[in-house]
Amino acid sequence: MPLPIPFIQQCQNLLGADNVIAESECLRVYECDALSAYRTLPELVVLPETVEQVRALMRFCRDHSVPVVPRGAGTGLAGGAMPVAGGIVLGLSKMNRILSLDPVNRTARVQPGARNLAISEAAKSHGLFYAPDPSSQVACSIGGNIAENAGGVHCLKYGLTVHNVLQVQLVTSDGELLTLGGNGLDAPGYDLLALAIGSEGLLGIVVEATVRLLPLPPSTRVLLAAFASVEEAAAAVAAIISDGLLPAGLELMDNAAIRATEAFVHAGYPVDAAAILLCELDGLAEQVEADSLRAEAVLKAHGAIEIRIADDESQRRRFWAGRKAAFPAVGRIASDYYCMDGTIPRKHLAAVLKRISEMGGEHGLVVVNVFHAGDGNLHPLILYDGNRPGDFEKAEALGGKILELCVAVGGTITGEHGVGSEKIPYMCVQFQAAELEQFHRLKRAFDPDGLLNPGKAVPTLHRCAELGRMHVHHGELPHPQLERF
Amino acid sequence: MNDGDLTADIQGRIQQAAASATPLRIVGGNSKAFYGEDCSATAVLDMAGHSGFIDYEPSELVITARAGTRLRDIETLLDSHGQMLAFEPPYFGEQATLGGTMACGFSGPRRPFAGAGRDFMLGCKIVNGYGEVLSFGGQVMKNVAGFDVSRLMIGALGTLGVLLEISLRVLPKPESEATLIYAMADEQQAIKRMNRFSGQPWPLSALAYDGQLLSLRLSGAESAVQAAARQLGGDFDELGEDFWLALREQNLAFFEDDDTLWRISMAPSAASPAVFGTRLLDWGGALRWLKTDQPAKVVHEACEAVGGYAEAFRGGEKHDRIRLKPEIAALQSRIRAAFDPHGLFNPGFCRDR
Ligand SMILES: Cc1cc2nc3c(=O)[nH]c(=O)nc-3n(C[C@H](O)[C@H](O)[C@H](O)COP(=O)(O)OP(=O)(O)OC[C@H]3O[C@@H](n4cnc5c(N)ncnc54)[C@H](O)[C@@H]3O)c2cc1C
């Protein structure tokens, strides 16, 4: 049912006509996030410029029972910002300023639409940076990062968004403004800040955030190690961590990813290697030197056939160039790809990667791997052709199998991209009915009418039954060939 | 240690409590009984018997144990593999359990540099007020499936559910540590110094000021710790390790007193609240302990004036321990009802003000 004209007019009164989009041509931009296979044309997009406007809009939508989908930069990979029928999209792109930077307390106060990278750029002259660095950091917004608890290459050492945010201003579905967190390192009462982070826009709209800034490390070294098999590279990852090293980043790329990126950015990667590891070490020069010696020894002991070292900025940038360009590079070798995001215990990396490649074969699809190996966060990229009927469905089916495999080995269906619309079916696999019900009760404590991003992140039990999916207990699962707890 | 899985018993007790509307006081090692509001429940749910390790693989940097497991046993096991709980949880008694430690959510001197208890929480199993056994999070480093209920349990003092099992991320122990001290009589100067240190990339792992000495701990490779110490100047404190332990356990002379002990959390560089009393600064200035005989009202208002918040940690007026904004208090009670609709768990704790 289209939104009534008076409703649209009232939105225009609240925000000014320029900040309300109702023409279908302009609405197209907002029909999906970066998971473009999932689309819904929104009825209306509103782009508030102030906190007061957000509050007024939320009250107005509540009074008219109109659902609200928050949206940052739209780089999400799970359909979290996909519009819902009969609802509006509330875009935060116009609230994109860095409000203040406090170099003494090492914090930045920012609006939700501020780009992730803009914070580190602003902090650089003070010798500081904002640590969480999703590969999408040139574009994604801090509000979206908070909603997804985004990670990045450096979160192995520096933590995820939840570890680096001190305070959030949240507007609830009835227009109330809540301050979660504090000026120090904690706040009285329940840890509502931790709860809000990663809540995928279901509990409130982030309208401001205060993030922690860290001192830039004086010395950084990247090791690039090549391996003759993916299994050896995966085993080396587990070995580095169990040796007691805590690299700033530890990423794995398989041969398909190496070749795709080499053809795209010419980073000088060894194209014949079955896999490479990129291991970044940082800190005082003495620390880097000590860690580097240990890391090299572990890598060699685990079968590295070649180790290259980058110390200066331009060399390091070249090593990372391939990794950073991996997604677009894969986008050049296939017409479409579908990115999965499961996390597993590191000890299962080798077996799971092998099984994923076999399952790809069974589905007649190629899977490319480039991921945050240090935290066991897989990003299998399933290649498919969206123009070929049935191909996306095949990719989706394989993706589902991969996520079930992650759960089966004691992992999770999503490490950093969120559940959104996409992984709703697999939430029924990971959680029991009583746990899903607990999530719903928690949601109602914030949003009794269920108007904020409805249908996302947490499935109803009814939906799980419809999908024919059920929670799987360890031991009664597919993939019996894999050892598990 | 007497290991035992009492899940079924505990669940039964809670179902019974729900049926008979009998609230429960949840007790682990009873080492932190001084903390929190007065609990009005008389029936005790004893968690200490529900103990034992469930999973620990040093290479995964994860440990999973039952809530009644003693903190000492956990740290001893980790230590034998060169690992540690990096948030340095205070014990306040040898009998401290994992469940009580996480329910209180205290963190020691390493907190500003390594993270708090909640930052190491990976997953948990709980019983809610419906008597249901639920699992949230898991044993992996990154997990954003569903709301972050595990972290919500930290500091909730058991009011949202009884913790049964907890998975924590652990870290390798640093190869080397050293403590440097600087004599300093002026608090403002100490605050300035601590913030300057924190803004530079030193391998810091603790930073405190007791009114006379600024203490700074370095952690990392031996060569890096030595290099940093050379550049930072100051004197080596050979008894540094004892100092940090005593600070964590509140065994320093500062804590021996009958005055109310307030815990104040605030921006690390802000001036201390104007309340008559004595202070000790931890967490590089972000945590300030205050001993005073001033009324709660005076302390709360002075802390609010400097953008911080105060909590009566030991002693003081139980009915005015902490102050919440009304909208936060209302939300908190709705959240509590979402987990524990009959108000079974530790009634009186986390009161909604
Ligand atoms: C090439 C590429 C690489 C990527 N690499 C990474 C990576 O390394 N690590 C990683 O974690 N992610 C990565 N992502 C995923 C994505 O960038 C992150 O999830 C990011 O946090 C989304 O931010 P956004 O501003 O684009 O949010 P959107 O996509 O606009 O929204 C994401 C979710 O947040 C909600 N939301 C947005 N803003 C707000 C707000 N202000 N208040 C409340 N809810 C809000 C939306 O409703 C939606 O559910 C990548 C994506 C791409 C395309």
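Residues numbered from 1 in each chain as written. Chains lettered and ligands numbered in written order. Predicted model: local features only at pLDDT ≥ 70, side-chain atom pairs only at ≥ 80, totals over all residues. Heavy atoms only, no water.

Details of empty space enclosed by the protein
Residues and elements named next belong to chain B. Evaluation of the coordinates by the stated rule reveals 7 cavities of 30 Å³ or more. What lines the largest cavity is a set of 21 residues, among which L122, N143, V144, D148 and R151 lie closest to the centre. Within the residue set of the lining of the largest cavity, elements represented by two or more residues are β6 (121-127), β7 (133-137) and α6 (149-153). The greatest single-element share of the lining of the largest cavity, amounting to 3 residues, is contributed by α6. Residue composition of the lining of the largest cavity, grouped by class: 12 nonpolar, 6 polar and 3 charged. The volume enclosed by the second largest cavity comes to roughly 140 Å³. Around the second largest cavity, the lining is made up of 15 residues, and of these P90, S107, Q250, L287 and W289 lie nearest the centre. When residues of the lining of the second largest cavity are traced back to their parent elements, those giving at least two are α9 (240-248) and β16 (287-292). For the lining of the second largest cavity, the per-class residue count stands at 9 nonpolar, 3 polar and 3 charged. Lining the lining of the second largest cavity are residues from two domains, each supplying at least three of them: domain 1 (3-172 + 332-339) and domain 3 (256-320). (1 Å grid on protein atoms, 1.4 Å probe; cavity = no way out; pocket = protein on both sides within 12 Å on 5 of 7 lines; lining within 4 Å. Points joined across faces, edges and corners; volume = space filled by probe spheres on them. Helix = DSSP H or I, 4+ residues; strand = E, 2+ residues; numbered from the N terminus. Nonpolar A, V, L, I, M, F, W, Y, C, P; charged D, E, K, R; others polar. Domains from an automatic or database assignment.)

Concerning the domain arrangement of chain A
Residue and element names in this part refer to chain A. Here chain A is described as being made up of domain 1 (5-91), domain 2 (98-215), domain 3 (219-329) and domain 4 (335-474). A straight line from the C-alpha centre of domain 2 to that of domain 3 covers 29 Å. Roughly 830 Å² of surface becomes buried between domain 2 and domain 3 when both sides are summed, with 55% attributable to carbon and sulfur atoms. When the buried surface of domain 2 facing domain 3 is broken down by residue, V153, L156 and K157 rank first, second and third, together holding 65% of it. Counting every contact that joins domain 2 to domain 3 gives 1 salt bridge. For K157, the salt bridge is made with D282, and the minimal N-O distance between the two is 2.5 Å. Where domain 2 packs against domain 3, one counts 3 residue pairs in polar contact (both at pLDDT 80 or more). Split into classes, the residues belonging to the side of domain 2 that touches domain 3 amount to 4 nonpolar, 3 polar and 1 charged. (Buried area = accessible area lost by both parts, 1.4 Å probe. Salt bridge = Lys/Arg side-chain N within 4 Å of Asp/Glu carboxyl O. Polar contact = N/O pair within 3.5 Å; in protein donor to acceptor, adjacent residues only side chain to side chain.)

Concerning the sheet that holds strand β15 (residues 306-310) of chain A
Residues and elements named next belong to chain A. Within the open sheet, the 7 strands sit side by side as β15-β12-β14-β13-β17-β18-β16. Their pairing is antiparallel. Strands at the two margins of the open sheet, each flanked by one partner only, are β15 and β16 (336-339). Taking the axes of each pair of neighbouring strands and ignoring which way they run, one obtains an average angle of 20° across the sheet. Where strand β13 (residues 249-254) and strand β14 (residues 275-283) come together, 6 bridges link them in antiparallel fashion. Note that in β14 the partner of L250 across the bridge is C279. Those strands touched by helix α14 (residues 391-408) are β16, β17 (367-371) and β18 (380-384), and its axis lies near 160° from that of β18. (Pairing = 2+ DSSP bridges. Axes fitted to C-alpha atoms, helices over the stretch in contact; angles between N-to-C directions. Contact = heavy atoms within 4.5 Å.)

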